[in-house]
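Summary of the model geometry
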Amino acid sequence: MNPIETEKLSNDKSLEAMRQFSQTYAKRTGTYFCAEPSVTAVVIEGLAKHKDELGSPLCPCRHYEDKVAEVHASFWNCPCVPMRERKECHCMLFLTSDNEFAGDKQEISLEEIKAVRESMA
């Protein structure tokens, strides 16, 4: 991996923090990760990257004109308002059991996330 690509990745501390948060939140809310683990890994990586860059886990699956302003508004900080209010996760990180894309897992290893990250580099 070249240095430019490395700069785009989250640091391991943030990645682990977002992994732990995601697992805890899924268990607490009775939601499940996507049946395709790479979706879960990419979203957790995106949350960690935003945590590194912006100080907050801004939803990585949306386009923002001004990410800093969005962080301060906090609507799209994970868990976002639609998730907290209606269990609607645009990123497909937290899915209700009746969602056709929901898997049966509420855990993902750091190694799985890193393997997906490496495969995309």
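The following refers to the structure shown. From a predicted model like this one, the values you see are computed outputs, not experimental measurements.

Quick notes on empty space enclosed by the protein
- Inspection of every chain in the model, using the stated rule, returns one cavity of 30 Å³ or more.
- What the largest cavity holds in volume is close to 90 Å³.
- Taken together, 14 residues line the largest cavity, and the ones lying closest to its centre are Cys 59, Cys 78, Cys 80, Cys 89 and Cys 91.
- Per-class residue counts for the lining of the largest cavity are 13 nonpolar, one polar and no charged.

Remarks on the packing of aromatic side chains
- For the structure shown, the criterion picks out four aromatic pairs.
- Seen in terms of ring centroids, Phe 75 and Trp 76 are 4.7 Å apart; in terms of plane orientation they differ by 80°. Their pairing is edge-to-face.
- Owing to a relative accessible area of 17%, Trp 76 belongs among the buried residues under this scheme.
- Aromatic rings pair up to connect Phe 21, Tyr 25 and Phe 94 into one cluster.
- Looking at Arg 62, its charged tip hangs above the ring of Trp 76, at a distance of 3.7 Å from the centre.

The rules behind the values
Sequence order as written defines residue numbering, which begins from 1 separately in each chain. Predicted model: local features are reported for residues with pLDDT of at least 70 only, side-chain atom pairs are reported and counted for 80 or more only, and whole-chain, interface and lining totals are derived from all residues. Derived side-chain values reflect all non-hydrogen atoms in the structure, with water molecules and hydrogen atoms excluded from consideration. Two kinds of site are reported from a 1 Å grid over the protein atoms alone, namely cavities, where a 1.4 Å probe fits but cannot get out, and pockets, open sets with protein on both sides within 12 Å along at least five of seven lines, and residues are called lining when an atom falls within 4 Å of a point. Grid points are joined across faces, edges and corners, and a volume is the space filled by probe spheres set on the points. For this classification, Asp, Glu, Lys and Arg are treated as charged, while Ala, Val, Leu, Ile, Met, Phe, Trp, Tyr, Cys and Pro are nonpolar and the rest, including Gly, are polar. Classification of ring pairs uses Phe, Tyr and Trp, with its six-membered ring standing for Trp, and accepts pairs whose centres are within 6.5 Å; under 30 degrees between planes counts as stacked, over 60 as edge-to-face, and the remaining range as tilted. Each residue is placed in one exposure class: buried if its accessible area under a 1.4 Å probe, protein chains only, is under 20% of its type's maximum, exposed if it is over 50%, and partly exposed if it falls in between. Our definition puts a charge over a ring when NZ of Lys or CZ of Arg is within 6 Å of the ring centre and also within 35 degrees of the ring normal.

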